[in-house]
Amino acid sequence: MTKSGAHSGPTALRIILGAHLRRMRDAAGISRSDAGWEIRSSESKVSRMELGRVGFKERDVSDLLSLYGLDDAEERERLLALARDANNPGWWHRFGDVLPSWFHSYLDLEAVAQLIRSYELQFVPGLLQTPEYVRAVVQLGRGLIPAEEIDRRVSLRVNRQQVLTRPDPVRLWAVIDESVLRRPIGGKKAMQAQLEFLLEASHMPNVTLQVVEFGSGGHPATGGAYSILRFPEQDLPDIVYIEHLTSALYLDKPEDLDTYTGTMEALCVAAPPPNQTRDILAKALKEYDA
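Because the structure is predicted, anything quoted here is derived from the model rather than measured. (Residues numbered from 1 in each chain as written. Predicted model: local features only at pLDDT ≥ 70, side-chain atom pairs only at ≥ 80, totals over all residues. Heavy atoms only, no water.)

Visitor: Explain helix 4 (residues 58-67) to me, using residue names and the numbers behind them.
Guide: All of the buried residues in helix 4 are D60, V61, D63, L64 and L65. Downstream of helix 4 by one or two residues, G69 has phi in the positive range, about 80°. (Buried < 20%, exposed > 50% of the residue type's maximum accessible area, 1.4 Å probe, protein only. Helix = DSSP H or I, 4+ residues; strand = E, 2+ residues; numbered from the N terminus.)

If you want it as structure tokens, here you go:
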């Protein structure tokens, strides 16, 4: 069984446990319908469990392990412990009052990812935003927001950024459109500080930045911003994350992954290589200094 990392959140753990239960059921030659009957439920419930899309009742997992013929007491306890952990709230639970429900799963996956590749058309990637930039983004189009709520949203973003500096950091490869550098979110001074931070971040060994310049012409990412997350656990497939105004999409079908991965590769080719990014950032910063 694949071991889950210390940073795994409930979404990742549910996917890992679900995939393990699916392999055990297949090996035992038992149908989803029969498995559903065993736990007093349905075939569709078993399917959702195996895909990691629902929480796990420890009793259901225990009954399935017995049905699948698991006799190893130590392995059984490991899987039941995994089921319990998969029902625990993630670190972000304390920010639930300022966090959209559809964003919960992404935070779990971001925390356990090994590589995040992202394309941004309007904003600096979230993991590289300065607190003042975050404050400005939070207030866009939302009218008057209480100062306490803004502070909590900034704190949430800062907590997320720890994935880049922890002992086993996430690798971030971000491609941003030049318009991101030219749009003074938060005003001139805030943008200067943001560009200076991007210059600093470009020196981090686990961060790669590229900028698609206006002179590059058109490119294939016509659908807007998105991210591709890759994980060290073999039970977690690559996932494409696309955020909308009031919801998000999580795509993991091979044909979707191929399309979005191919588009990301094309963006990387269209943009100047990473070793030219600092010059591009420095040029934009000089324009704000003028």
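Visitor: Before we move on, can you summarise the sheet that holds strand 5 (residues 239-243) with the specific residues and values?
Guide: The six strands are arranged 3-2-1-4-5-6 in an open sheet whose pairing can be described as mixed. If you trace the sheet from one side to the other, it starts and ends with strand 3 (207-212) and strand 6 (248-251), each paired once. In this sheet, adjacent strand axes meet at a mean angle of 15° when their direction is disregarded. Pairing geometry for strand 1 (residues 115-120) and strand 4 (residues 226-230), over five bridges, is antiparallel. Paired with Y119 across the bridge in strand 4 is Y226. (Pairing = 2+ DSSP bridges. Axes fitted to C-alpha atoms, helices over the stretch in contact; angles between N-to-C directions.)

Visitor: Pulling in residues and values, what's your account of unusual backbone geometry?
Guide: Trans peptide bonds make up most of the peptide bonds, and negative phi angles are found at most residues other than glycine. In this structure, R40 takes a positive phi of about 60° despite not being glycine. Within the fold, R40 resides in the loop between helix 2 (32-38) and helix 3 (43-50).

Visitor: Can you lay out the packing of aromatic side chains for me, pointing to particular residues and giving the numbers?
Guide: The final tally for this structure, using the stated rule, is five aromatic pairs. Between Y241 and Y250, the ring centres sit 5.2 Å apart and the planes meet at 55°, which makes this aromatic pair tilted. For Y241, a relative accessible area of 5% corresponds to the buried category. Classification of Y250 as partly exposed rests on a relative accessible area of 30%. Sitting over the ring of W173, R117 keeps its end group 5.2 Å from the ring centre. (Phe/Tyr/Trp six-rings, centres within 6.5 Å; stacked < 30°, edge-to-face > 60°. Lys NZ or Arg CZ within 6 Å of the ring centre and 35° of its normal.)

Visitor: Go over the pattern of salt bridges, please, and point to the residues and values.
Guide: This structure, assessed with the given rule, holds 18 salt bridges. For E75, the salt bridge goes to R78, with nearest N and O atoms at 2.4 Å. Of the two residues, E75 and R78 are both situated in helix 5 (residues 73-86); the distance of three residues between them amounts to about one turn of the helix. For E75, a relative accessible area of 12% corresponds to the buried category. For R182, the salt bridge goes to E287, with nearest N and O atoms at 2.5 Å. (Salt bridge = Lys/Arg side-chain N within 4 Å of Asp/Glu carboxyl O.)

Visitor: Describe the environment of A221, and please don't skip the residues or the numbers.
Guide: Within the element layout of this structure, A221 appears in the loop between strand 3 and strand 4. Sequence separation between A221 and A266 is 45 residues; the distance between their C-alpha atoms is 8.6 Å. Ignoring anything within four residues of it in the chain, the contact list for A221 reads Y119, T263 and L267. (Contact = heavy atoms within 4.5 Å.)

Visitor: Give a detailed account of helix 6 (residues 104-112), specifying residues and quantitative values.
Guide: In terms of burial, helix 6 is a largely internal element, seven of the nine residues being buried. Restricting attention to buried positions, one finds in helix 6 the residues Y106, L107, D108, L109, E110, A111 and V112. Packing partners of the buried residues in helix 6 comprise helix 1 (10-28), strand 1, helix 8 (147-160), strand 4, strand 5 and strand 6.

Visitor: How would you explain the layout of surface pockets if you had to name every residue and give the values?
Guide: Quantified by volume, the largest pocket comes out at close to 1,200 Å³. Forming the boundary of the largest pocket are 38 residues, of which F123, V137, R157, E243 and H244 lie nearest the centre. Counting only elements with at least two residues in the lining of the largest pocket, the list comes to helix 6, strand 1, helix 7 (131-139), helix 8, strand 4 and strand 5. The element contributing the most residues to the lining of the largest pocket is helix 8, with four residues. Here the lining of the largest pocket is built from residues that sort into 23 nonpolar, eight polar and seven charged. Its volume calculated, the second largest pocket comes out at about 470 Å³. Together, 18 residues line the second largest pocket, and I15, L51, R53, I239 and D252 are the ones closest to its centre. For the lining of the second largest pocket, the secondary structure elements donating two or more residues are helix 1 and helix 6. (1 Å grid on protein atoms, 1.4 Å probe; cavity = no way out; pocket = protein on both sides within 12 Å on 5 of 7 lines; lining within 4 Å. Points joined across faces, edges and corners; volume = space filled by probe spheres on them. Nonpolar A, V, L, I, M, F, W, Y, C, P; charged D, E, K, R; others polar.)

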